[in-house]
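# Per-entry structural report
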Amino acid sequence: MILTHLSLTNFRAFARLDVDVPRPTLLIVGENAQGKTTLLEAIYYLATLTSFHTESDRQLINFLAAREPLAVARIVAEFIRGEHTHRLEVRLIQENAALNGNRMRREILVDGVKRTAREALGHFNAVLFLPQMTNIIEGAPEERRRYLNMALAQVMPGYAQALSEYAQILGQRNALLKQLGERGGDPAQLQYWDALLVERGALIIQARSKALDEIETLAARIHDRLTHGQEVLHLVYRPAYDPAAPDNGQMALRLDTAVKRDHFSLSQIQQGFLRRLEALRSDEISRGMTLIGPHRDEFRVLSNGIDLGDYGSRGQVRTALMALKLAEVAWMHQKSGEWPVLLLDEVLAELDAQRRQDLLDFLAEGEQSLLTTTDLNLFSPSFVRRAAIWTIRAGCIVSSELPAGA
């Protein structure tokens, strides 16, 4: 997977950018708030069709352009996947109507053909590494679910669709539970929504379990290298409905218990999930919500048996995060046959000298990496000589240098 060209129009601070992207390594240099992170955000948006900084696509449109009656932000990329060149374009369109308010829509084109988000996901793959991503380890469970969802949606056909449909079914089921709790009625009405919920939910549970097992194998190996054999990394999946839990109930296993779920078929997960929903029906009706399912899943990151989310030091958390993100790169390569584009935002400033060197050594294993920095002195002179360099100021690339000898 090689990004060869990037074009931005009215995307955040960039009114217009049209540039060829060098490989294998690009250093994006500039002071804070000049547009470095925005470049990575645009590239990652093409891979995930969501922003890591905003909750609404409206916020991605350049604020001056957004004042116009018709505002359009565009991200266009040309990339090589396998032996073929492809073009991916996203248009964010805001129509400003005085009486009816602003109307927002999105158009996605893959090789010139309009596609839905579900159809477009997976064509272009990227892994993003931000310092604030320590929330994956230290933050709330939804941060970890989001991390898994964004990785799986890029490489597993049908996952994003199952996730979207699950959320819609969950909303309908919760509305019915609330209605039954407040007004009464026949609980048998839930059977239809139960069947739909377990069908999509079982697929999500199975996909997450398999992905975490695979990522853990890779992350543990990388983490061992980063800690020079001093720490053992372990990822613990704690699904809200766990087919491996005693009596198929809620999670009752110790956090450090090794659990293998790969022998559970999709049908077995569905049947067990359905039984638990039926057993919890009265509780769910009284509380007006669905109490188990992938929307309440959790996973924890342990090092030498210690839960890093609760007790990890700053250094331990950052090292584990690095191992997790580098494992994500290798995992995507295993699943898709293509190395994803690796995007690193001011990561080296957060690491000690040894960790910096460890990270830079890993970059050589991929095909393309883009790194932002305010200080080139964080990189060794030899690394800088081998990299292309863009200098960014006020949303413009003011200088561009190719690697020495290129």
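Details of the structure are given in the entry above.
Read on for a plain summary of the structure. Please read these numbers as outputs of a predicted model, since none were measured by experiment. (Residues numbered from 1 in each chain as written. Predicted model: local features only at pLDDT ≥ 70, side-chain atom pairs only at ≥ 80, totals over all residues. Heavy atoms only, no water.)

Okay, the overall build of the chain next. Regarding its fold elements, the chain presents 12 helices and 15 strands. The C-alpha radius of gyration computed for the chain amounts to 23 Å, which stays within 12% of the reference 22 Å derived for 406 residues, consistent with globular compactness. Along the longest, intermediate and shortest principal axes, the C-alpha atoms of the chain span 70 × 65 × 40 Å. Burial statistics for the chain: of 406 residues in total, 52% are counted as buried. For the chain, the proportion of contacts with a sequence separation of at least 24, taken over those separated by at least 6, is 68%. Summing over all exposed atoms, the chain offers an accessible surface of approximately 18,400 Å²; the carbon and sulfur share of this is 48%. Computed over 46 positive and 50 negative side-chain charges, the separation of the two mean positions in the chain equals 3 Å. (Helix = DSSP H or I, 4+ residues; strand = E, 2+ residues; numbered from the N terminus. Rg over C-alpha atoms; globule rule 2.2 N^0.38 Å. Buried < 20%, exposed > 50% of the residue type's maximum accessible area, 1.4 Å probe, protein only. Contact = heavy atoms within 4.5 Å. Areas by Shrake-Rupley, 256 points an atom, 1.4 Å probe, with all protein chains shown as cover. Lys, Arg positive; Asp, Glu negative; His and termini not counted. Charge placed at Lys NZ, Arg CZ, Asp CG, Glu CD.)

Next up on the list: the packing of aromatic side chains. This structure, assessed with the given rule, holds 5 aromatic pairs. On the basis of an interplanar angle of 45° and a centroid distance of 6.3 Å, the ring pair of Y147 and F299 is categorised as tilted. One end of the pair, Y147, is in helix α4 (residues 141–155); the other, F299, is in strand β10 (residues 298–303), with 152 residues separating them in the sequence. Accessibility assignment for this pair places Y147 and F299 in one class, buried. Ring geometry for F379 and F383: centres 5.5 Å apart, planes at 15°, overall stacked. The burial state of F379 is the same as that of F383; both residues are buried. (Phe/Tyr/Trp six-rings, centres within 6.5 Å; stacked < 30°, edge-to-face > 60°.)

Okay, the pairing of strand β3 (residues 25–29) next. Successive side chains on a regular strand alternate, one facing one side of the sheet and the next facing the other. For β3, the buried fraction is high: 5 of the 5 residues fall into the buried class. The alternating pattern of β3 places T25, L27 and V29 on one face and L26 and I28 on the opposite face, and all of these are buried. Here 4 bridges tie β3 to strand β14 (residues 388–393), and the two strands are oriented parallel to one another. The partner of L26 across the bridge, within β14, is A388. (Pairing = 2+ DSSP bridges.)

With respect to the helices and strands, T38 occurs in helix α1 (residues 36–48). Excluding its chain neighbours within four sequence positions, the residues that come into contact with T38 are F11, R12 and F14.

Before going further, it helps to examine the packing of helix α6 (residues 190–226) against helix α7 (residues 266–279). Between α6 and α7, whose axes approach to 9 Å, the crossing angle comes to 130°. One way to sum up the angle between α6 and α7 is to call them oblique. At the point where α6 passes α7, the crossing takes the right-handed sense. Between α6 and α7, the residues in contact are D194, L197, V198, E199, G201, A202, L203, I205 and Q206 and L266, I269, Q270, F273, L274 and L277, respectively. Of the residues belonging to the contact of α6 with α7, the class tally is 10 nonpolar, 3 polar and 2 charged. (Axes fitted to C-alpha atoms, helices over the stretch in contact; angles between N-to-C directions. Parallel < 35°, antiparallel > 145°, perpendicular 65-115°, else oblique. Left-handed = near helix turned anticlockwise from the far one by under 90°. Nonpolar A, V, L, I, M, F, W, Y, C, P; charged D, E, K, R; others polar.)

Okay, the packing of α4 against α6 next. Taken N-terminus to C-terminus, the directions of α4 and α6 make an angle of 90°; their axes are 11 Å apart at the nearest point. It follows from the interaxial angle that α4 and α6 lie roughly perpendicular. Touching R145, Y147, L148, N149 and L152 of α4 are A207, R208, A211, L212 and I215, all from α6. The residue inventory of the contact of α4 with α6, partitioned by class, reads 7 nonpolar, 1 polar and 2 charged.

Strand order in this open sheet of 6 strands is β8-β12-β13-β3-β14-β15, and the pairing throughout is mixed. In this open sheet, the two strands that pair with only one neighbour each are β8 (126–129) and β15 (396–401). Between one strand and the next, the sheet's axes are offset by a mean angle of 20°, whatever the strand orientation. Two strands pair when backbone bridges link them, and β3 and strand β13 (residues 369–373) are joined in this way by 5 bridges, in the parallel orientation. When the bridges of β13 are listed, T25 appears paired with S369.

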